[in-house]
Amino acid sequence: MSSLTFLLVIGMLVVKQKNQEYFTAAFLGGTTIKLLACLIFIFVFARKNAADKHIFLLDFIYIYLLNTAFEVYILLRNLRHEKLR
């Protein structure tokens, strides 16, 4: 999940440098792609490993929600700084 997030952030930064207008669309698209990739990973992993599916799902969703909340916080923080400039 960290590698996927890193690649998506680099992609969003490249989009931001090339054309500022598409940054929001790139952020939303990247977040959607990450969500779908994580859901596919959850279903494949839960299907292959029969032990403790519920605990794995709860842990993964907890980590995913914390990561997404952190990304949104950083995005909002960066956008506020741009308005002050």
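Residues numbered from 1 in each chain as written. Predicted model: local features only at pLDDT ≥ 70, side-chain atom pairs only at ≥ 80, totals over all residues. Heavy atoms only, no water.

Draft legend 1. Broad picture of a nonpolar patch on the surface. A grouping of Met1, Tyr62, Ile63 and Leu66 is seen on the molecular surface, where their side chains present a nonpolar patch of about 400 Å² in accessible area. By secondary structure assignment, the location of Tyr62 is in helix α3 (residues 53-84). (Patch = residues over 30% accessible without salt bridge, like charges linked within 9 Å, V, L, I, M, F, W, Y side chains within 5 Å. Areas by Shrake-Rupley, 256 points an atom, 1.4 Å probe, with all protein chains shown as cover. Salt bridge = Lys/Arg side-chain N within 4 Å of Asp/Glu carboxyl O. Helix = DSSP H or I, 4+ residues; strand = E, 2+ residues; numbered from the N terminus.)

Draft legend 2. Spotlight on the packing of aromatic side chains. A complete count under the given rule lists 2 aromatic pairs for this structure. Judged by centre distance (5.8 Å) and plane angle (25 degrees), the rings of Phe41 and Phe45 are stacked. Highlighted residues: Phe41 and Phe45, both in helix α2 (residues 23-48), separated by 4 residues, approximately one helical turn. We classify Phe41 as partly exposed; its relative accessible area is 41%. When the centroid spacing of 5.6 Å and the interplanar angle of 40 degrees are considered together, the rings of Phe41 and Phe60 count as tilted. Residue Phe41 is located in helix α2, and its partner Phe60 is located in helix α3; the two are separated by 19 residues in the primary sequence. Judged by its relative accessible area of 14%, Phe60 is buried. (Phe/Tyr/Trp six-rings, centres within 6.5 Å; stacked < 30°, edge-to-face > 60°. Buried < 20%, exposed > 50% of the residue type's maximum accessible area, 1.4 Å probe, protein only.)

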